[in-house]
Each structure stands twice: as C-alpha cells, then as structure tokens.
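Residue strings, one per chain:
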Amino acid sequence: MFLWLLCFILIILVYRFKRRNMYRLASAIPGPEQELPFIGVAHTLTGSTEDIMEKLQMYSYTVMKTNGILRGWLGHILYFLVTNPVDIEVVLKTCLEKDDLHRFLRKITGNGGIFAPVTIWRKRRKGLIPAFSPKVVETFVETFSKQSENLSLRLAERVGRGTFSSWPYLTAYTLDSICETTLGIKINAQVNPPFLIAMKSVLNLICERIFHLWLQPEWLYRLFPQYAKHEECRKILHDFTDEVIRNKRDEIIKKKSLQEKAEHGFDLGNYKKKSFLDLLITLSGDERGYTNEELREEMLTLIIAGTDTSAVAIGYTLKLLAKYPNVQEKLFHELQSVFGDSDRPINKEDLLNLKYLERVVKESLRLFPPAPFVIRKVLEDLYLPSGNVIPAGSGIVVSIWGVHRDPKYWGPDADCFDPDRFLPERYNLQHSCSYMPFSAGPRNCLGSQYALMSVKSALSAILRRYKIVGEEETGPVPHIKSKLDIMMKAVDDYKIELQKRDL
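Residues numbered from 1 in each chain as written. Predicted model: local features only at pLDDT ≥ 70, side-chain atom pairs only at ≥ 80, totals over all residues. Heavy atoms only, no water.

**Q** Explain the environment of Val-41 here, please?
**A** Examined against the element boundaries, Val-41 turns out to sit in the loop between helix 2 (20-27) and helix 3 (49-64). Sequence spacing of Val-41 and Arg-71 is 30 residues, and the spatial spacing of their C-alpha atoms is 9.7 Å. With residues near it in sequence (within four places) discarded, Val-41 still touches Pro-32, Glu-35, Tyr-59, Gly-72, Trp-73 and Leu-74. (Helix = DSSP H or I, 4+ residues; strand = E, 2+ residues; numbered from the N terminus. Contact = heavy atoms within 4.5 Å.)

**Q** It is not clear to me how helix 2 should be interpreted in this structure. Could you clarify?
**A** Two residues of an α-helix separated by three or four positions point the same way, owing to the 3.6 residues in each turn. When helix 2 is considered as a whole, its buried residues turn out to be Met-22, Leu-25 and Ala-26. One side of helix 2 holds all its buried residues, which, seen down the axis, span an arc of 100 degrees. Pointing more than 90 degrees away from the buried face of helix 2 are the exposed residues Arg-24 and Ser-27. Close packing links the buried residues of helix 2 with strand 1 (69-74), strand 2 (77-82) and strand 6 (389-390). (Buried < 20%, exposed > 50% of the residue type's maximum accessible area, 1.4 Å probe, protein only. Arc of directions from axis to C-beta.)

**Q** I would appreciate a short explanation of helix 15 (residues 325-339) in the present structure.
**A** When the terminal C-alpha atoms of helix 15 are compared, their 20 Å separation across 15 residues agrees well with the 21 Å that a helix rising 1.5 Å per residue should span. Those residues of helix 15 lying buried are Val-327, Gln-328, Leu-331, Phe-332, Glu-334, Leu-335 and Phe-339. All buried residues of helix 15 project into a common sector of 160 degrees when viewed along the axis, lining one side. Those residues of helix 15 that are exposed and aimed more than 90 degrees away from the buried face are Asn-326 and Ser-337. Phi turns positive one or two residues past the end of helix 15, at Gly-340, with a value near 65 degrees. (Expected span 1.5 Å × (residues − 1).)

**Q** Just checking my understanding: could you explain the pattern of salt bridges for this structure?
**A** The tally for this structure, following the rule as stated, stands at 33 salt bridges. For Glu-35, the salt bridge goes to Arg-71, with nearest N and O atoms at 2.5 Å. With Glu-35 in the loop between helix 2 and helix 3 and Arg-71 in strand 1, this residue pair connects regions lying 36 residues apart in the sequence. One exposure class covers both Glu-35 and Arg-71, and it is buried. Arg-234 is the salt-bridge partner of Glu-231, the closest N and O atoms lying 2.6 Å from each other. Linking Glu-231 with Arg-234, this pair stays in helix 12 (residues 225-258), spanning three residues, or about one helical turn. (Salt bridge = Lys/Arg side-chain N within 4 Å of Asp/Glu carboxyl O.)

**Q** It is not clear to me how the sheet that holds strand 2 should be interpreted in this structure. Could you clarify?
**A** Hydrogen bonds between backbone groups are what pair the strands of a sheet, and the pairing can be parallel or antiparallel. If you trace the four strands from one edge of the open sheet to the other, you get 1-2-7-4, paired in mixed fashion. A single partner strand is all that each edge strand has here, and the edge strands are strand 1 and strand 4 (373-377). Taken pair by pair, the neighbouring strands of this sheet meet at an average axis angle of 25 degrees, ignoring direction. Pairing of strand 4 with strand 7 (residues 395-399) involves five bridges; the strand directions are antiparallel. Along strand 7, the bridge assignment pairs Lys-377 with Gly-395. (Pairing = 2+ DSSP bridges. Axes fitted to C-alpha atoms, helices over the stretch in contact; angles between N-to-C directions.)

**Q** Explanation requested: the sheet that holds strand 3 (residues 164-165) in the structure shown.
**A** A sheet is described by the order of its strands in space; here three strands give the open sequence 3-11-8, paired in antiparallel fashion. Each end of this open sheet is capped by a strand with a single partner; those strands are strand 3 and strand 8 (466-469). Sheet topology note: the strand 3/strand 11 (residues 495-500) ladder contains two bridges and is antiparallel. Following the sheet pairing, Ser-165 is matched in strand 11 by Lys-495.

**Q** Which parts of the structure should I look at to understand the packing of aromatic side chains?
**A** We describe a pair of aromatic rings using the distance from one ring centre to the other and the angle between the two ring planes. Within this structure, the stated rule accounts for 19 aromatic pairs. Three or more aromatic residues joined by ring pairs make a cluster, and in this case those are Phe-132, Phe-140, Phe-144, Phe-276 and Tyr-450. Geometry around Tyr-221 places Arg-209 over its ring, the cationic atom sitting 4.1 Å from the centre. When the ring centre of Phe-368 is taken as reference, the NZ or CZ atom of Arg-405 above it lies at 5.3 Å. (Phe/Tyr/Trp six-rings, centres within 6.5 Å; stacked < 30°, edge-to-face > 60°. Lys NZ or Arg CZ within 6 Å of the ring centre and 35° of its normal.)

**Q** Explain unusual backbone geometry here, please?
**A** Generally, phi is negative for residues other than glycine and the peptide bonds are trans, each holding for most cases. Its identity as a non-glycine residue notwithstanding, Asn-67 has a phi of 60 degrees, on the positive side. Note that Asn-67 resides in the loop between helix 3 and strand 1. A positive phi angle, close to 55 degrees, is found at Asp-493, a residue other than glycine. Looking at where Asp-493 falls in the secondary structure, it is placed in the loop between strand 10 (487-490) and strand 11.

As structure tokens, then:
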C-alpha cells in the first residue's frame, strides 16, 4: 500500500511539474469566488441547462468588471472566459483549433467545416466560399418566400387558441428551407417531421453528454441507454443524407451524358437555383472532388447548424416583439408600406427595403445570439493586447453574449432592447468584435447572409398576418429565461399567442 501511495504521489508531482508554466500564468489572472481546490468551478456548472446558462451569464458579467478576462478550472482543465473585443480579435485570428468538446458533435457531422480540425477545415473552407457567394445565396429567396408562406399558413391553426410553443413550427420551417437549398430536395418537415425528430433527439443527447462528465468517456457511454438512441438517430441522419448524395451524383452524370458539349469553367449565372450539394460536387471536380463521405459531412453540418440558428433567431425576435408592442406596431407599419394590402410573397427587393426589420433582427441577435460562446484551444502561449498571457494547453471561451452586453462598448443601456441603436448615425462601434452574432475571424460563419434572409423572410410572412401577443415587459430590459442546449434557446420553447390582422 505504501508503494502504491508513493507511486501515486510521484505521478501527481511529475504531472504538476510538467504543467508548472500553466499554473504560473493562470495565477496571474483572477478567478471567480466560487472556485474550489481540485474541482475549480465544476460544481457551479451542474444542474439543468437553464442553470448552466444562468451561471455562464453571471460569469460573463463578472468578466466585464475584471479587465475582460476570467480564469476558471474545470477539474484539471483550464479555461479563460473573455469579453474584451480587442483580445477576442486576436484569439479568433490566432487560435483556430476548436475545443475538444466539439468531438461529440463530430460523431454526427464528421469533419464538416464548422467543427473540423484546422488541417481539414482550410481545404473545406476554400471549397465552400464560392457556394456562399451573394449571387448564389440570392437565388434562394424564392425558397425562403415559399416556405415562409407555408409557415404562416400552418400557424393559422393556432390563431385565437391561446399560448403555444412556436419552436416546432419554426424548426420545421428552417429545416424545410435548408434541405431544399442545401440538398435540393423537399422533405416537408412542416408536415412530416421524422428527420427533424431524429436531429432534435441527437442534439439533446450531445448536449447532455457535454455537461455530464460521466457520459463523456466512449467506453462508459456505451453502457448507458442513451447510446442506443444516439446511434439510432445518427443512422437515420446518415442514411438519409447518403441516399440523397448518391441520387444527386447519378442525376449529374445523366445530365452530363445528355450534353453534346462539356461545359468549361464556372459561371455563377449557370447555377441559378442549384443547391449547395450541386455546387460542391461541381466546384470540387465532380468524381475527382469531394467523396460521398465528405459531402455528407458538409451537408449535415450545414443542416444541423443552420436549422437551429435561424429558428432561434426567429423565436427570440417574436418573443421580443410580444414584449414590446410599440416596436411590433412600428414594424407592421413598415411591412404595410412595402406590401400594402397585398398578400404576395416576399422578394429580394422587399428584403432590401425592410430597414426597420433589419434593425430589429440585429438587436435581437445582439441580446440573444444563438451561439453565445465560442471555445478555442490554445496550442502555444498566447500574448493578448490587454497584457494577459494565456498558457498553452488551456482553452479560451469567447463570450459573445458578454461582449454584446458590455456597457463599455454599448453604453449604460447595453441590456435594453433598442432596435434604433443600429441606425447608421448611431451605430459606431470602436471595434468590430463588439458585435459578432456569427462569430469573427477566419472561422466565422459563411452563412450569415443566408441566415438573415431566411429569418427576415419568415418574420415578414408572420407579422404581416398576425399580431404577436405575450406578457409585455414593464421596462426596457427584456427578461427571457434561456438555456444552453448546444445553442442558446428560450426555456419555454418560444411560447407566444397569435391574433389575426386584417390585411
């Protein structure tokens, strides 16, 4: 027993000696009062996903008062929470490797661009950029318009029937839109949702695994009942996407065989109404380009990331408009000025003319960014502009939620809902990273314009026809209980009430 104890002590001493630089640099940066020996702040990040979100919000407020950085140990793992936009810019440009927690998402998406290791991401990113060019994205307005009309028709069944959760309706709309633009197929999730159910289930399982340490080891996770459900959902998503890709390849080959002359080069004008899948196959060199597995990774990443991101943005905006009827009425008047008494679908020019809608959406994304935290690995000691040094082997949590609400950059009313803060004459941030709902740096979101078009199309279709009713806020600071479920989501699944407007 004595020898075993001696060996254990020696192992601990060697382990700590090798990490002495990390301990030294970490001690120079303040930590939270709740930090305990050995476990750090792990005990504070337990409970429900709502409890975890509340704690991370509390830490973000603390960071605002500690020079924009806060240290936190999760057992033996060291993290730094950052809200200083100048530091954030350096972090997002320098630390490109995603944190190890993303490995649980990679079980579903593989090495899709958002979650891939840097060596894979660089190559994939180059292939994705042309597919997200403005000329291509603009061709999807027709799809957003059609699907948003379907959404408004489905919501008609809820008019005058009291409060209901809008989340199932919103995610069905975004999934239908994304599958049509990404895969080039119609899955009718707003009517027949098996793919959506599988996707929601597996994301819930992944989130549960991230925040419960005993579910993280692969060998141990296989012993829990969640593993069987996880594998069942993964198979549904993979099999469906694989079949679509095979069919798309066959379709492209057949089209080529019917052409008398092969087309050379790439003209965006020739790819109108092409899906992202069409574009990635063609741009990468057809059979010599992406493999079917690589295509599946990219498609699933786009679908999973895009479905919840857009739905969250729509949901929070609807909640805010219910809380502030005066903002909603101003927005309705703008919609009337653009559409009049017509019930015609929205088009590209309408989106450009809806200036107040754009400000409302931007303010909603500021207060409630769908991805409130970005986590990066530090591979080498990182010297920040603030003077702090982040040790190699640690992780950095960029609090987008925090920097969006920091009074130093947004003024004393940073927590208030005020769409007009995005008026050209008022919007004058000192640093671009003070506002980054779609992240920033080389690994920012390529689909930001795509998402904004989808969100604005859905909101315009809903608000032209219905008045959103809910509990009005008594002050300028909106209170919406949120949880961290991969993305930030409202605890009540975006409960609202609808009243029909007379067109």
